[in-house]
Each structure stands twice: as structure tokens, then as C-alpha cells.
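Breakdown of the fold
Residue strings, one per chain:
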Amino acid sequence: MPKTFPKKLRVFLCHAEEDKQKVRKLCQRLEKDGFDVWLDEKNLLAGQDWKFEIKKGIRNADAIIFCLSTISVAKEGYVQVEIQEALEFAKEKPEGTISIIPLRLDNCKVPLNIQKWHWENYFTNKGYEKLIKALNARKKDLETKQIVIQSVHHFDLSNLSNKKCKLFIDTLKTKVAPSLSTLIAPKTRLSLGSDFYRFITTNHPVEEWIQSMEKNIKEMGHQKTSTELWVVSGGYGAGKSHSKGYIFASTRRIRSVKFLELDLVNVLHAYQKPENNNIFSLILLEGREFLSDLYDELRKKKDINLPIEETLRESVVDDEFIDTFCEFGKNNYVAFTPLENLIKKKGRQIFLPLMRLFKKHLGIKGISIFIDNFEELPRLTPTNLENFIKSIWAFYDDTASTFIDPDLPSFKMIIFCSLGAWNEITTNALSYALETRAHHFEIPPLTGDEIIILAQKLYELYRKSGYLQHENGIEFTKLPHYLVTKAGIDAPLTPRWLINQVMYIIEKPDDFSRYLLDEQGNL
């Protein structure tokens with residue numbers, strides 16, 4: 001089993017300004033006992049968007065302490081917003097994990113919405129001792145998960161033949177490390193499924209997010225779930241698209257959940273007019289086959305006394321759409337342009353009525369929409385950009401109430417965007433408002449232990465594939481420091497960049513060998 005490396009538990013202190021003196025002392029005690037504590041006066045820098053940074057601090061925390069007092073529980077203002085944000089965050093955590101810890105600073109009444117969590121009394125003799133016990137239990141829980149996740153990522157080569165290992169490396173070179181693709185020109189491609197994507201998304205937080213998303217999508221196929229809007233951001237090569245690929249590969253067999261993939265590079269090239277840039281129209285056009293399937297089903301089920309047109313009118317579908325849609329069906333789905341133009345014109349108006357028909361007649365219980373390359377959005381004119389962002393707001397607002405409507409499918413929209421572009425997009429008020437509707441998951445750079453595990457997996461693949469041209473093993477313990485030095489400030493330690501670098505080291509280890517000799521005193 002791979003070696004695990006201890007890390008400090010990240011603790012967020014949610015408090016009222018009037019309790020700052022007590023909370024400051026609590027922060028100092030926690031830091032002295034080895035915890036990584038987020039406190040606004042310590043972590044916020046001049047010029048930062050403090051609301052955004054606080055939200056990010058909550059999202060990145062391993063545990064959140066609600067510092068409750070007679071003042072804070074009665075106070076209106078941003079402390080209540082922090083509490084609500086933290087409660088939303090807690091919903092994403094597995095049942096039974098300690099992520100929320102109410103801590104009474106005095107003999108105050110605990111608010112009803114957080115009474116489900118056991119609270120501690122900081123003002124009693126053993127209050128701080130009990131708090132530390134709860135935090136250490138949370139840390140142990142996370143360390144256990146880390147071992148499990150590392151075990152999952154410790155790729156099992158026993159199920160791969162030498163030929164498949166070779167094809168695996170070929171695929172990595174062509175899909176992940178393009179600068180190495182000229183070294184080989186494989187004629188065949190191995191269908192690696194979810195294993196290949198899991199190999200790329202090696203971050204522990206990424207694995208946890210993927211597992212949570214996989215579980216949520218599977219639930220969509222069995223029960224009604226609430227609408228979710230996600231933004232997944234990270235540096236170039238962080239694994240955004242490969243995370244999406246893994247989710248696709250692991251959940252595609254759910255027949256009642258449909259997947260739509262919108263690549264903005266293609267979408268924005270095809271739809272440059274302002275009226276075309278709304279997410280409702282794009283979803284319907286991307287799911288064009290649902291429309292032809294719907295007409296087929298209605299034709300099979302139609303009553304002699306109730307034509308297809310009347311069935312559609314019963315579902316409160318727009319009359320102009322009904323006429324154009326039926327004409328499209330009668331012409332065997334050949335003349336799509338009139339229907340396409342109408343969908344562009346009335347996307348939002350006809351969206352929910354069509355979704356009800358899709359669920360009733362096609363058995364669609366959930367629709368997952370993946371929007372990739374969101375960083376292409378600034379290519380739009382300001383007017384088009386505004387229309388597109390507003391349409392995503394409207395999509396979330398229109399579908400948010402579908403949880404209580406049994407006739408509608410569940411919806412999940414996941415936006416993938418480079419971190420720098422997302423920060424740029426959210427500088428204007430419109431886009432920032434969009435972010436308040438979304439869950440945000442930022443893919444972090446790889447840590448030292450993850451780099452070593454990734455390198456060891458690659459090395460074993462090379463050994464078993466027969467691609468390894470030398471017999472000597474490679475000492476990877478110094479690899480993180482070597483790669484950080486090599487990357488500088490321009491190349492984040494992302495899976496794509498690392499795989500490229502490590503493959504080069506494995507195939508041509510001379511530079512790395514010289515680095516190791518220099519580290520040991522030019523032996």
C-alpha cells in the first residue's frame with residue numbers, strides 16, 4: 001500500500017465580529033495544536049474579494065466550527081450567510097462525517113437549523129479538550145479515506161497483459177502527453193474505459209468529487225433529485241476533461257439518465273447570433289435525437305380520436321412549435337431547419353413542456369449537461385456574453401423547482417473552465433451572480449505523495465509493457481522537488497504536465513540521474 005503523508009486538518013472559524021477576541025485566542029490554541037485554521041483577519045489580504053475568499057475558505061475546509069454566542073445567534077448580517085453556506089457544504093459530505101461542529105462560547109441557545117449536530121461548550125473546563133477530540137476524529141476519518149483512495153489509484157497491473165500495458169502507454173502519449181506522441185505511432189487504440197480516466201485524475205480531492213458526482217448521477221436514474229449547477233475549475237491539464245470522461249464512462253449504462261455534452265469551442269462557432277446563445281436552445285438542439293424519438297413514441301401511442309397535435313396541446317406546448325414539430329416528423333426527420341430556427345427562437349418557452357414529454361414518453365428521469373471549454377466564453381461580444389450568462393441563470397431558476405414536480409426529470413449542469421478564465425469571467429456582476437447559484441470545485445495541484453504514486457504507476461506500466469529500454473530502477477523520492485524546480489511559476493503541477501515530464505524521465509533518465517547525483521554531493 002502506498003505511503004500516506006500526514007497533513008494538517010483545515011479548520012474554518014465561523015463567528016461574529018463581536019466575538020473576535022475569544023475566537024482569536026481559539027485560533028491561536030488550535031494552531032499551536034497543529035491545525036491549519038482559517039480566520040478572516042489572518043487569511044484575507046488587502047484587495048481580495050472578501051466574500052469570494054470566505055466562500056472558498058468554507059469549501060476548502062475539512063471541518064467548520066460555528067462559534068456561537070448570545071450575540072452571534074441573534075445577529076443579522078454576513079455571519080448568517082456564512083452559516084448557510086457551511087450548511088449547504090455539509091450536505092455534500094457523507095452522512096456521519098464530522099464536518100460541522102457547533103461550539104458555544106457562552107450559555108446561548110443553539111439555532112434550530114444546526115441542532116442536528118452535537119455541540120460542545122467551549123466555556124466549560126473540558127470544552128476545548130472535547131473539541132480537539134472531535135477534530136482528531138475528523139482527521140482520522142480523512143486519513144482513512146486517503147488510504148482507500150490511494151489504494152484505488154495504485155493501479156492494479158495484474159489485470160493488464162503486456163500488450164495492454166503498451167497500448168495504455170500509447171494512449172497516454174497521444175491523449176495526455178502530445179509532445180511525446182511522435183515517439184510512437186500506434187495503429188490501434190485500447191478502449192480503457194473508466195480505468196484510464198481514473199489514472200489521470202489522480203488527486204485525492206478530485207477522486208472524492210468524482211465519486212460524489214458518480215453517486216449523484218446514479219441516484220438521478222432511480223429517484224427525484226434537486227437541480228444542481230457546478231463549476232469545475234483548475235489549471236491547464238488539471239484533469240477537468242478527464243474527470244468528465246471518467247463520469248461518462250462509469251455512468252453511461254444508466255438508461256434513464258441522458259448525457260449532453262456542449263463544447264463551447266464548437267457551440268460558439270455555430271451560434272454567433274445573440275438570440276441563439278441561450279442554454280435552453282442549445283440543450284434542445286444537442287438532444288435532437290430526443291425529438292425524433294418523441295415523435296416515434298407519440299406515433300406508436302396515438303389514439304384515432306386524439307392526433308399527435310392534440311396530445312402535445314394537452315401538455316401546453318406552443319402551437320407554432322407543434323405545427324413545425326409534426327411537419328418535421330411527417331417528413332421523416334429530414335427537414336430540420338424550420339424546427340431548429342423555432343427552437344432557437346423559443347428555447348426557454350418550450351423547454352419545460354418538452355422535458356415533461358421526454359420523461360412521460362421516453363422514460364428520461366435525469367439529464368446531465370456537461371459544458372466544456374467554458375473559457376471560450378469571452379470570445380463572444382459583450383451582448384452575446386450577457387445573453388448566454390443570463391440564460392444559465394434562467395435555466396437554474398426555471399429548473400430549481402423541478403424537485404417538487406414529479407412530471408419533470410432531474411437536472412444537473414456541470415461547467416468545466418480553466419481557473420484563470422473563471423476568475424476573469426466572474427469579475428463582472430452578471431457572472432459573479434452566476435457563481436452564487438453554483439457549487440464551485442477547484443482542482444488543486446498535485447501533492448508530493450501523489451506525484452510519487454503517479455510516477456511509480458507509470459514506471460510499472462513501462463516495465464510490464466516492454467517499452468523500458470534500461471534495467472536500472474529510478475528513485476522517485478526526490479521527484480517532487482525536481483519537478484517543482486523545473487516547473488517554476490509557469491507550469492502548475494497538474495496530471496497532464498506531470499505525466500509528460502515523468503514519461504520523459506522514464507524514457508531518458510540521464511537529466512534526472514544527474515540531478516540526483518548533484519543532490520548527493522556529486523558522487
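To start, this report covers the structure provided alongside it. (Residues numbered from 1 in each chain as written. Predicted model: local features only at pLDDT ≥ 70, side-chain atom pairs only at ≥ 80, totals over all residues. Heavy atoms only, no water.)

Another aspect to go through is the overall build of the protein. Helix and strand content of the protein: 23 helices and 10 strands. Counting every position in the protein, which comprises 523 residues, the buried fraction comes to 52%. When contacts within the protein are restricted to residue pairs at least 6 apart in sequence, those whose partners lie at least 24 apart make up 78%. Accessible surface computed for the protein: about 25600 Å², of which carbon and sulfur atoms make up 50%. (Helix = DSSP H or I, 4+ residues; strand = E, 2+ residues; numbered from the N terminus. Buried < 20%, exposed > 50% of the residue type's maximum accessible area, 1.4 Å probe, protein only. Contact = heavy atoms within 4.5 Å. Areas by Shrake-Rupley, 256 points an atom, 1.4 Å probe, with all protein chains shown as cover.)

Most often, soluble globular proteins keep nonpolar side chains buried together rather than apart. With 58 residues, the main nonpolar core has Ile-279, Phe-321, Phe-325, Phe-374 and Met-413 as its most contacted residues. The biggest single contributor to this core is helix α16 (residues 337-362), with 10 residues. In this structure, Phe-321 is in contact with Leu-291, Leu-339, Leu-342, Ile-343, Ile-350 and Leu-354, ignoring residues within four places of it in sequence. Phe-168, Ala-455, Leu-479 and Ile-499 belong to the second largest nonpolar core, which has 35 residues in total. (Core = buried A, V, L, I, M, F, W, Y, C linked by side-chain atoms within 4.5 Å.)

Another point: the environment of Ile-414. Take Ile-414: it is sitting in strand β9 (residues 410-418). Remark: the alpha-carbon pair of Ile-414 and Glu-228, spanning 186 residues in sequence, is separated by 8.2 Å.

Turning our eyes to something else, we now look at the packing of helix α12 (residues 279-286) against helix α13 (residues 288-301). The description of two helices packed together rests on the angle between their axes and the distance between the axes. For the pair α12 and α13, the least separation of the axes is 4 Å and the interaxial angle reads 65°. Side by side, α12 and α13 meet where Leu-284, Leu-285 and Glu-286 of the first sit next to Arg-288, Glu-289 and Leu-291 of the second. For the contact of α12 with α13, a count of residues per class yields 3 nonpolar, no polar and 3 charged. (Axes fitted to C-alpha atoms, helices over the stretch in contact; angles between N-to-C directions. Nonpolar A, V, L, I, M, F, W, Y, C, P; charged D, E, K, R; others polar.)

Considering all chains together, one arrives at 22 salt bridges under this definition. Note that Glu-17 is salt-bridged to Lys-20, the shortest N-O span being 3.8 Å. By relative accessible area, which is 7% here, Lys-20 ends up buried. The closest approach of N and O atoms between Asp-405 and Arg-356, which form a salt bridge, is 2.9 Å. In this pair, Asp-405 is assigned in the loop between α17 (382-399) and β9 and Arg-356 in helix α16, connecting sequence segments 49 residues apart. In this structure Asp-405 comes out as buried when scored by relative accessible area, which is 17%. Through salt bridges with shared partners, a single ionic network connects Asp-318, Glu-320, Lys-345 and Lys-346. (Salt bridge = Lys/Arg side-chain N within 4 Å of Asp/Glu carboxyl O.)

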